[in-house]
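# Chain and residue survey
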Amino acid sequence: MRIRLGIPKGSLQEATLQLFAQAGLPIHTNSRSYFASTGDPEIECMLIRAQEMARYVEHGALDAGLTGLDWVIESGLEVVTVTDLIYAKQSRGKVRWVLAVPESSSYEKADDLRGKIIATELVNVTKNYFSSRGVDVRVEFSWGATEVKPPMLADAIVEVTETGSSLRANHLRIMDTVLESNTQIIANKNAWADGEKRRKIENLALMLKGAMAAKDRVGLMLNVRKEDLERVLGVLPALKRPTISQLSDPEWLAVNTVIEESLAWQVIPRLKEAHAQGIVEYPLNEVVLSCGFCRANPPKLTCARSSAVVRSWAKSSLWCRRLFKPCGGTATGRCRNMRAGSMDSPPSRVYA
């Protein structure tokens with residue numbers, strides 16, 4: 001079984017490749033080819049423009065692909081939305097398609113543009129926007145450089161923006177938001193109905209979301225005496241509850257948790273005050289949060305190197321970069337990359 005996966009070529013390409021690499025599945029591209037390879041023999045990748053992704057997924061040329069909600073709506077095609085991935089070219093946020101006009105113009109609302117020319121790449125969405133308001137305009141497709149067209153080549157534009165800086169640089173002001181959009185994983189209906197392909201696509205979505213959840217977060221490991229444990233726990237913010245393990249000395253415990261990186265500079269001095277020792281701050285590759293089924297039926301996870309068996313999603317999420325069959329109930333998963341209780345990347349900071 002193999003799945004054919006579309007990777008967006010263009011503005012989203014670099015951010016997407018970085019996300020896959022962080023999720024443990026680097027994609028190897030060639031500037032002369034639209035085909036790409038991965039370390040997973042069950043995934044074949046092809047670089048496709050985001051604007052065309054829904055078409056090839058709907059037709060079945062691709063089993064799944066990453067593209068924007070905007071282009072799915074624009075296409076009007078029926079595909080399965082697997083999950084949302086909130087990232088864009090420059091940020092981890094949504095983008096907006098906005099109606100913009102020259103700063104010096106007298107236009108204040110959509111109705112003021114009646115009978116005018118609107119340039120955009122998002123033609124169908126723009127037509128629906130104006131028709132829903134009863135405003136008759138002429139919508140023209142723009143092949144690019146849309147910001148430079150007003151006022152000589154168009155009266156207004158509908159253009160995508162993350163920060164608005166390009167619009168301001170071209171002396172345009174935003175009049176309204178036409179559509180908010182974000183990256184999505186979409187799938188072909190027949191591929192989604194195939195049990196093996198669906199499981200593979202769901203696992204891919206899990207790992208990408210885990211990599212996104214790990215961004216801006218760090219892991220903390222520390223040692224503490226039993227008598228000081230409550231003071232340390234009172235300092236720690238955590239996704240759920242910290243993992244606590246007994247050390248060889250019965251009077252000492254090891255604590256592992258995940259916190260927002262921006263909080264580390266506040267939390268670590270307070271941990272030292274609470275008598276925590278051997279504090280290690282380290283980067284994360286993924287943070288995998290289990291579904292309700294997995295919490296009720298924790299799987300048995302076996303580390304391929306140490307043979308240690310863990311029946312805890314909190315521990316497996318912390319130490320395993322890749323969980324195979326993550327919702328498989330009692331199925332055995334294997335961590336290929338990490339020894340139980342160790343890190344696959346060096347700590348970023350150590351506080352003895």
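Residues numbered from 1 in each chain as written. Predicted model: local features only at pLDDT ≥ 70, side-chain atom pairs only at ≥ 80, totals over all residues. Heavy atoms only, no water.

## Considering the environment of T83
Counted only if it meets this: Secondary structure elements are taken from DSSP: a helix is a run of H or I of four residues or more, a strand is a run of E of two residues or more, and numbering for both begins at the N terminus. Residues count as neighbours in contact if any of their non-hydrogen atoms are within 4.5 Å of one another. Any pair of N or O atoms that falls within 3.5 Å is considered a polar contact. Within protein, one atom must be able to donate a hydrogen and the other to accept it, and sequence-neighbouring residues count only if both atoms are side-chain atoms.
Relative to the helices and strands, T83 resides in strand β6 (residues 80–85). Setting aside anything within four residues of it in sequence, one finds T83 in contact with Q184, I185, A205 and K209. Within the structure, the side chain of T83 is placed 3.5 Å from the side chain of K209, a separation counted as a polar contact.

## Considerations on the sheet that holds strand β7 (residues 95–102)
Going by this rule: DSSP-based pairing: two strands are paired if at least 2 bridges between them are found. Helix axes are fitted to C-alpha atoms over the stretch in contact, other axes to C-alpha atoms as well, and angles between N-to-C directions run from 0 to 180 degrees.
Pairing is mixed across the open sheet formed by five strands, whose spatial order is β9-β8-β10-β7-β11. The open sheet has two free edges, formed respectively by β9 (138–141) and β11 (172–181), since each of these has just one partner strand. If you compare each strand with its neighbour and ignore which way they point, the axes differ by 25° on average. For strand β8 (residues 117–120) and strand β10 (residues 156–161), the ladder comprises three bridges, and the chain directions are parallel. When the sheet's bridge partners are listed, T120 is paired in β10 with V158. On top of the sheet, helix α4 (residues 123–131) reaches β7, β8, β9, β10 and β11; it is set at about 105° to β11, its chief contact.

## A word on the packing of helix α1 (residues 13–22) against helix α7 (residues 195–214)
To keep things clear, this is the line we draw: Comment on the angle field: the value is read as roughly parallel under 35 degrees, roughly antiparallel over 145, roughly perpendicular from 65 to 115, and oblique elsewhere. Three classes are used, and their members are as follows: Ala, Val, Leu, Ile, Met, Phe, Trp, Tyr, Cys and Pro are nonpolar, Asp, Glu, Lys and Arg are charged, and the others, Gly among them, are polar.
One way to put it is that α1 packs onto α7 with a least axis distance of 8 Å and a crossing angle of 95°. Between α1 and α7, the angle is such that the two are roughly perpendicular. Between α1 and α7, the contacting residues are L19, F20 and Q22 on the first element and L204, L208, A211, M212 and A214 on the second. Looking at side-chain class alone, the contact of α1 with α7 contains seven nonpolar, one polar and no charged residues.

## Structural notes on α4
Spelled out, the test is: A 1.4 Å probe rolled over the protein chains alone gives each residue an accessible area, and that area as a share of the maximum for its type sets the label: buried under 20%, exposed over 50%, partly exposed in between. Throughout, the arc means that of the directions going from the helix axis to the C-beta atoms.
Among the residues of α4, V123, V125, T126, Y129 and F130 are the ones counted as buried. End-on, the buried residues of α4 take up no more than an arc of 165°, which puts them together on one face. Exposed residues pointing more than 90 degrees away from the buried face of α4 are listed as N128 and S131. Buried positions along α4 lie against α3 (69–75), β7, β8, β9, β10 and β11.

## Here's the deal with the pairing of β8
Here is the key point about a regular strand: its side chains alternate between the two faces of the sheet. Let me state the cut-off plainly: Convention used here: a crossover is right-handed provided that the path from the first strand, over the helix, to the second strand proceeds clockwise when the strands point away from the viewer.
Relative to β9, β8 runs parallel, the two being bridged by four bridges. Counted as the bridge partner of I118 is V139 from β9. Once you follow β8 into α4 and on to β9, the crossover reads as right-handed.

## Some words on the sheet that holds β6
The sheet built from seven strands is open, its strands ordered β2-β3-β4-β1-β5-β12-β6 with mixed pairing. Every other strand in the sheet has two partners, leaving β2 (27–28) and β6 as the edge strands with one partner each. Sheet analysis places strand β3 (residues 35–38) next to strand β4 (residues 43–49), joined by two bridges and oriented antiparallel. Paired with A36 across the bridge in β4 is C45.

## Overview of the confidence of the model for the protein chain
What counts, and what does not: Each residue gets a pLDDT score, which is the predictor's confidence in that residue and runs from 0 to 100.
In the predicted model, the protein chain carries a mean pLDDT of 82, and the fraction of residues at 70 or more is 79%. Predicted confidence for residues 290–344 stays below pLDDT 50, and this span has 103 contacts to residues more than four positions away or in other chains.

## Overview of the nonpolar core
Stated precisely, the cut-off is as follows: Buried Ala, Val, Leu, Ile, Met, Phe, Trp, Tyr and Cys residues that are joined via side-chain atoms within 4.5 Å together make up what is termed a nonpolar core.
Among the nonpolar cores identified, the biggest contains 31 residues, and L5, F20 and L208 are the most heavily contacted of them. Among the secondary structure elements, those contributing two or more residues to this core are β1 (3–9), α1, β4, β5 (64–68), β6, β12 (183–187) and α7. The element contributing the most residues to this core is α7, with seven residues. With residues up to four places along the chain from it excluded, the contact list for F20 reads L5, I7, L25, P26, I27, L66, L204 and L208. Of all hydrophobic cores here, the second largest spans 22 residues; its members include A50, W97, V139 and M175.

## Some thoughts on the pattern of salt bridges
For side chains bearing opposite charge, pairing can occur when the charged atoms are close. Counted only if it meets this: Here, a salt bridge means any Lys or Arg side-chain nitrogen found within 4 Å of an Asp or Glu carboxyl oxygen.
Summed over all chains, the structure comprises twelve salt bridges. One salt bridge connects E52 with R55, and the closest N-O pair in it is separated by 3.9 Å. Here E52 pairs with R55, and both are found in helix α2 (residues 50–59), just three residues apart, close to one helical turn. Given the relative accessible area of 25%, E52 is considered partly exposed. Each of R4, D63 and K197 takes part in one network of salt bridges that share partners.

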